[in-house]
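# Analysis of the macromolecular model
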Amino acid sequence: MEKTFLMVKPDGVQRNLIGDITARFERKGFKLAGAKLMAIPTELAEEHYGEHKEKPFFGELVDFITSGPVFAMVWEGEDVIATARTMMGATKPAEAAPGTIRGDYGVTVGKNVIHGSDSKESAEREIGLFFDEKELVDYEKDSLNWIY
Ligand code: DAT
Ligand code: MG
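Please read all numbers here as calculations on a predicted model, not as lab measurements. (Residues numbered from 1 in each chain as written. Chains lettered and ligands numbered in written order. Predicted model: local features only at pLDDT ≥ 70, side-chain atom pairs only at ≥ 80, totals over all residues. Heavy atoms only, no water.)

The topology assignment puts His52 in the loop between helix 3 (42-48) and helix 4 (58-65). According to the relative accessible area criterion, His52 is buried, its value standing at 17%. Ignoring sequence-local partners within four residues, the contact set of His52 consists of Phe57, Phe58 and Leu61. (Helix = DSSP H or I, 4+ residues; strand = E, 2+ residues; numbered from the N terminus. Buried < 20%, exposed > 50% of the residue type's maximum accessible area, 1.4 Å probe, protein only. Contact = heavy atoms within 4.5 Å.)

Structure follows, in structure tokens:
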């Protein structure tokens, strides 16, 4: 089954949104494969956001993501990468639809509450950056028979 990397950013943790965000993916029918509260070291932040290294906002982005703890997660399910992106909402706050996470909670492009992998390649890369193989749990969930 496909896996994606999702992370409640420091603003989401400070605004007590871990529960709400996690609940949305649980209710949808996705399966949690791993999760942890962690502080991101600067080197990991720079690596994670490597694709944005040349952008003018890169320094600000790294400062923000290392400014407080994040809640890192791996979720599993059919088409979970694209579906999670839809549930997150667009990057630009004005384009994030109501009902999506960013649409419900984000006002600025920077403090937008959640990160989610945008492709199979980035999901694999980001899961590898944030989680050891042994931190991911493979288990059965009976409720999945009522989802698939
Ligand atoms: P996403 O998080 O939707 O995948 P992205 O990968 O383009 O968006 O950018 C990563 C993060 O960088 C994004 O969540 C917020 C920040 N960011 C993006 N564009 C920005 C901009 N024009 N100014 C400031 N921050 C920006
Ligand atoms: Mg991105």
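The discussion continues.
Moving on, we get to helix 4. Here helix 4 has its buried residues at Phe58, Leu61, Val62, Phe64 and Ile65. One side of helix 4 carries all its buried residues, which in axial view fall inside an arc of 160°. Residues of helix 4 that are exposed and point over 90 degrees away from its buried face: Glu60 and Asp63. Looking at the buried side of helix 4, the elements it contacts are strand 1 (3-8), helix 1 (10-14), helix 3 and strand 3 (70-76). (Arc of directions from axis to C-beta.)

With respect to topology, four strands assemble into an open sheet ordered 2-3-1-4, the strand pairing being antiparallel. The two strands at the open ends of the sheet, each matched to only one other strand, are strand 2 (31-38) and strand 4 (114-116). Recorded for the sheet is a direction-independent mean angle of 15° between the axes of neighbouring strands. In this structure, strand 1 lies alongside strand 4, joined through three bridges in antiparallel fashion. Paired with Leu6 across the strands is Gly116, a residue of strand 4. The strands that helix 7 (residues 120-130) touches are strand 1, strand 2, strand 3 and strand 4; relative to strand 1, the one it contacts most, it runs at about 60°. (Pairing = 2+ DSSP bridges. Axes fitted to C-alpha atoms, helices over the stretch in contact; angles between N-to-C directions.)

Attention now goes to the site of ligand 1. As a matter of local geometry, ligand 1 sits amid Lys9, Tyr49, His52, Phe57, Leu61, Arg85, Thr91, Arg102, Val109 and Asn112. For ligand 1, an oxygen atom lies 2.9 Å from a polar atom in the side chain of His52. Here an oxygen atom of ligand 1 and a side-chain polar atom of Arg102 are 2.8 Å apart. In isolation ligand 1 exposes 510 Å². Once the protein is present, 75% of that is buried. Among the cavities detected, the one that contains ligand 1 is the largest pocket. Residues that form the shell around ligand 1 fall into these classes: four nonpolar, three polar and three charged. (Near = heavy atom within 4 Å. Polar contact = N/O pair within 3.5 Å; in protein donor to acceptor, adjacent residues only side chain to side chain. Areas by Shrake-Rupley, 256 points an atom, 1.4 Å probe, with all protein chains shown as cover. 1 Å grid on protein atoms, 1.4 Å probe; cavity = no way out; pocket = protein on both sides within 12 Å on 5 of 7 lines; lining within 4 Å. Sits in = over half its atoms within 2 Å of the grid points. Nonpolar A, V, L, I, M, F, W, Y, C, P; charged D, E, K, R; others polar.)

A separate point is the pattern of salt bridges. For the coordinates displayed, the defined rule picks out six salt bridges. Its salt-bridge partner being Lys120, residue Glu2 comes within 2.5 Å of it at the nearest N-O pair. A residue pair is termed long-range when its members are at least 10 positions apart, and Glu2 in the segment before strand 1 and Lys120 in helix 7 qualify at 118 residues. Exposure remark for Glu2: the relative accessible area of 18% places this residue in the buried category. Relative accessible area serves as the criterion here: at 52%, Lys120 is assigned to the exposed category. A salt bridge links Glu76 to Lys3, with the shortest nitrogen-to-oxygen separation between them at 3.8 Å. One end of the pair, Glu76, is in strand 3; the other, Lys3, is in strand 1, with 73 residues separating them in the sequence. (Salt bridge = Lys/Arg side-chain N within 4 Å of Asp/Glu carboxyl O.)

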